[in-house]
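# Summary of the model geometry
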Amino acid sequence: MVQKVDSIWMDGEFIRWDEAKVHILTHTLHYGLGVFEGIRCYLCHDGRSEVFRLKEHIDRLFDSALIAELEIPFSPEEIMDACKEILRLNGLKEGYIRPLVFIGDGVMGVHPQDNPIRVVIVTWEWGAYLGEEALQQGTRVKTSSYTRHHVNVMMTKAKICGNYVNSVFAKREAVRLGYDEALMLDTDGYVSEATGENIFMVKNGLIKTPPLSSILAGITRDSIITILKDKGLELVEQRFTRDELYTADEVFFTGTAAEVTPVREIDDRAIGAGRPGPITKEIQTTFFRAARGELEQYSRWVSYL
Ligand SMILES: *Cc1c(COP(=O)(O)O)cnc(C)c1O
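Please read all numbers here as calculations on a predicted model, not as lab measurements.

Scanning the protein chain from N- to C-terminus turns up eight helices and 17 strands. Along the first, second and third principal axes, the C-alpha set of the protein chain runs to 55 × 45 × 30 Å. Out of the 305 residues belonging to the protein chain, those deemed buried represent 52%. Sequence separation of 24 or more characterises 70% of the internal contacts of the protein chain that already satisfy a separation of 6 or more.

Set out below in structure tokens:
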């Protein structure tokens, strides 16, 4: 259960949690066209809090809105300020931020025309998305019977609400079968991503991640690519198949919610030694240090409250 906080930012105003309601004819509720972001705020070693890569997340929110043809009635600066202010108001030193742009009520049907575009920003406390154990020991994954979106069926570069029905189906199936997360293949059968995380594999020191064809361009993915390159590790953005993953030395997921989560098993096959490998652990440590403002090198990613 999401822990209730004091306030929510809605259409430019701070209102009480219990008052953040919408009408049942809210267009997005019926047809799924809305866009959102997921952002994390970290408590730093010096007691300050910082929002990780806030600008990139808000830029992506506006890009998603552009793709989805939703005109956000606020500037990126207003949204960024509101993200910080709502954390302060709720007294959250660490937490998750969820901006959501949606179509309000007015006309029904699939041509919403002039219905209002509404924006909310909600914050809550959120620990390790796939569990603290997954973060330490690794997670167990099953290749999904559901395929990731074809790029001309849904637009995969945007965090569009309705796109996540596919994720919910895949996640449910994986959990019901006793796994933690679903691995999704693209429409050509190549590895794409998980239900809300990007994927990396390591084999003989070479790191691979799928190219930005059908996948969401993760900001964590981008951070990890930067960290890997800065460490002088060899990385290629290249398509690969599920069987290549089975024989990988290491596999890990990246995402704002999942952070850097090692994968220890895929389709009942242990990955490497069946526990997080050295590159995964090193990348995870560096990522968390960067996110907590401990690394001067990555201070550009850190935006203090
Ligand atoms: C949000 C998301 C990710 C991860 O992106 P981050 O920017 O790292 O949070 C990966 N895949 C999908 C489908 C997503 O929705």
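Attention now goes to the packing of helix α6 (residues 219-230) against helix α8 (residues 278-291). Between α6 and α8, the shortest axis-to-axis distance is 10 Å and the interhelical angle comes to 110 degrees. Between α6 and α8, the crossing angle belongs to the class labelled roughly perpendicular. Where α6 crosses over α8, the handedness of that crossing is right-handed. Here α6 contributes T220, I224, I227 and L228 to the contact with α8, which in turn contributes I283, T286 and F287. Looking at the contact of α6 with α8 residue by residue, the classes come out as five nonpolar, two polar and no charged.

Within the structure, the ligand sits among 15 residues, and K159, Y164, E193, T220 and T256 are positioned closest to it. At 2.6 Å, a side-chain N or O of E193 approaches a nitrogen atom of the ligand. Measuring from an oxygen atom of the ligand, one finds a side-chain N or O atom of T256 at 2.6 Å. If the ligand stood free it would expose 380 Å²; the protein chains cover 96% of that surface. Here the residues of the shell around the ligand are counted per class, giving three nonpolar, seven polar and five charged.

Here is what the cut-offs are and how they apply
- Residues numbered from 1 in each chain as written.
- Predicted model: local features only at pLDDT ≥ 70, side-chain atom pairs only at ≥ 80, totals over all residues.
- Heavy atoms only, no water.
- Helix = DSSP H or I, 4+ residues; strand = E, 2+ residues; numbered from the N terminus.
- Buried < 20%, exposed > 50% of the residue type's maximum accessible area, 1.4 Å probe, protein only.
- Contact = heavy atoms within 4.5 Å.
- Axes fitted to C-alpha atoms, helices over the stretch in contact; angles between N-to-C directions.
- Parallel < 35°, antiparallel > 145°, perpendicular 65-115°, else oblique.
- Left-handed = near helix turned anticlockwise from the far one by under 90°.
- Nonpolar A, V, L, I, M, F, W, Y, C, P; charged D, E, K, R; others polar.
- Near = heavy atom within 4 Å.
- Polar contact = N/O pair within 3.5 Å; in protein donor to acceptor, adjacent residues only side chain to side chain.
- Areas by Shrake-Rupley, 256 points an atom, 1.4 Å probe, with all protein chains shown as cover.

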